[in-house]
Amino acid sequence: MKDPRLSQRKMQILKAVVDAHIVNGEPVGSKYLSQSTQITCSPATIRNEMAELEEMGYLEQPHASAGRVPSELGYRFYVDTLARQYSATKDEIAEINERLRFKLTEMDEILSEASKLAASFTNYTGIAFHAGTGKVRVEKYDSMLITPKSFLLVVMISDKLVKTKTVQLPFSVTAEELKRLTDLLNLFLVNLTSDEITMPLIVRIEQIMGEYGGMVHPAIKAIYETMNEIDTADIKVEGVTKLLQYPEYSDVSKVRDLFSMIEEKDKLLDVISQHTVTEDGINICIGAENESDVMSDTTVIFKQVDVGGSRFAVGVIGPKRMDYQKVIGMITQLAGGLTRMYGGKDSAALPDGNTDGEDTPDKTDGR
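Anyway, here's the lowdown on the structure attached to this text. Bear in mind the structure is a predicted one, so any value in this text is a computation, not a measurement. Each chain carries its own residue numbering, running from 1 in the written order of its sequence. Given that this is a predicted model, residues contribute local features only at a pLDDT of at least 70 and side-chain atom pairs are listed and counted only at 80 or more, while totals for whole chains, interfaces and linings are drawn from all residues. Only heavy atoms go into the side-chain values, all of them from the structure, while hydrogens and water stay out.

The subject of this paragraph is the sheet that holds strand β5 (residues 150-158). The strand order across the open sheet formed by three strands is β4-β5-β6, and the pairing between neighbours is antiparallel. In this open sheet, the two strands that pair with only one neighbour each are β4 (140-147) and β6 (161-168). Adjacent strand axes in the sheet meet at a mean angle of 20 degrees, parallel and antiparallel pairs treated alike. Pairing between two strands is assigned when DSSP locates at least 2 bridges connecting them. Only DSSP runs of H or I with at least four residues qualify as helices, and only runs of E with at least two residues qualify as strands; both kinds are numbered from the N terminus onward. Pairing geometry for β5 and β6, over eight bridges, is antiparallel. For Met-156, the partnering residue across the bridge sits in β6 and is Val-162. Contacts: residue pairs with any heavy atoms within 4.5 Å of one another. Structural elements are reduced to axes, namely lines fitted to C-alpha atoms, with helices fitted over the stretch in contact, and the angle between N-to-C directions of any two is expressed from 0 to 180 degrees. Along the sheet, helix α7 (residues 175-188) makes contact with β4 and β5, crossing β4 at roughly 160 degrees. Most of the contacts of helix α9 (residues 216-231) go to β6, to which it runs at about 145 degrees, and overall it touches β4, β5 and β6.

Another aspect to go through is unusual backbone geometry. In the Ramachandran plot, Asn-123 falls in the positive-phi region, its phi being about 65 degrees despite a non-glycine side chain. Within the element layout of this structure, Asn-123 appears in the loop between α6 (107-122) and β3 (125-130). Only protein chains enter the accessibility calculation, which uses a 1.4 Å probe; a residue whose area is less than 20% of its type maximum is buried, one above 50% is exposed, and one in between is partly exposed. The class of Asn-123 is partly exposed, set by a relative accessible area of 30%. In this model, Asn-191 sits at a positive phi of 60 degrees, which is unusual for a non-glycine residue.

Attention shifts here to the side chain of Ser-71. Position of Ser-71 among the secondary structure elements: in the loop between β2 (69-70) and α4 (72-82). At a separation of 2.4 Å, a polar atom in the side chain of Ser-71 contacts the main-chain carbonyl oxygen of Gly-57. N or O atoms within 3.5 Å of each other form a polar contact, as long as, within protein, one can give a hydrogen and the other can take it, and as long as residues adjacent in sequence are counted only when both atoms are side-chain atoms.

Quick look at the side chain of Lys-320 now. With respect to the helices and strands, the residue Lys-320 is situated in the loop between β10 (310-319) and α12 (324-341). The class for Lys-320 is buried, based on a relative accessible area of 17%.

Most of β5 is tucked away: eight of the nine residues are buried. Strand direction decides the pairing type here: β4 and β5, joined by seven bridges, are antiparallel. Along β5, the bridge assignment pairs Met-144 with Leu-152.

For the rest of this paragraph, the subject is the packing of helix α1 (residues 8-24) against α4. Two numbers describe how α1 lies on α4: the axes approach to 10 Å, and their chain directions differ by 110 degrees. With respect to α4, the element α1 is oriented roughly perpendicular. Across the interface between the two elements, Met-11, Leu-14, Lys-15, Val-18, Asp-19, His-21 and Ile-22 from α1 touch Gly-74, Tyr-75, Phe-77, Tyr-78 and Leu-82 from α4. For the contact of α1 with α4, the per-class residue count stands at eight nonpolar, two polar and two charged. Angles are sorted into four bins: roughly parallel if under 35 degrees, roughly antiparallel if over 145, roughly perpendicular if 65 to 115, and oblique for all others. Under the grouping applied here, Gly and all other residues not named as nonpolar or charged are polar, the nonpolar ones being Ala, Val, Leu, Ile, Met, Phe, Trp, Tyr, Cys and Pro and the charged ones Asp, Glu, Lys and Arg.

Here you go:
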């Protein structure tokens, strides 16, 4: 949201301060801005504007003789209003597509690989998490007889997300009875959540199976277990030590507390899950917006991914002094690739190259 107090010049100076601080990690002074950016006014004018930006809460001065650094309000305004969209190069998109040439069928595997890719592409700590929604629906059931008293139940959440369960039976059956049960599961139990698989439905299937109704309960138990496994809250973290290269994490006590939270994944999942995903599927939580003192110097960026009707998110943890333009662009590309791979839709993703046909990205200040 634009602030009517911010003139075009103030916004230009605020953007220049954020861009410079992201690159250098040091307080930014008026002399630097006058010499190293396209701002044409004098150092004195820049200094006055920076002082007013500080009074408005967009900049902070670490100590009297230093330049300014962005405040959380400054970062938020930068992300929401000033940052230009990062356009990945064809080489970057090709690398993402190449690294996505895997086909995983277990949610745990998908989360692990997604967190590794996020860390690799951004050089921050990668995260991928699934909060659990209770909305998993099965598209199709299949089966295969293993022995007269056991069979393999195939549960297809989508054509690319499949789980199998071995079901033990209290009596012997033939392939014909197993096919009959499978047909009934596909007739009555597809496109239902676990809550919608009710006792009347189960009883109805048992009645139709007649003397083989005893097959139904073990099969339903396996279906419930499978749906719960897919929908259980989980988080994968990759590249935690990447944070140590940033001066924001040089304070041993602070980084110890942050690492402790990351290791206790339930706490990290609780913090991240408090944030509602925005309309475009991406969320940016800066500093205190994370509602945890441990993460007061940290930004979390994540984007939602559709995996066969089940949703998870992929993103990064890093310092507030983050290259927001690049990170948002790369996470959007990665999430888009994952969504396409698992049958969802993501209009924000670029499948082969830039939509504007350019070969080079729009990287502010040459980044």
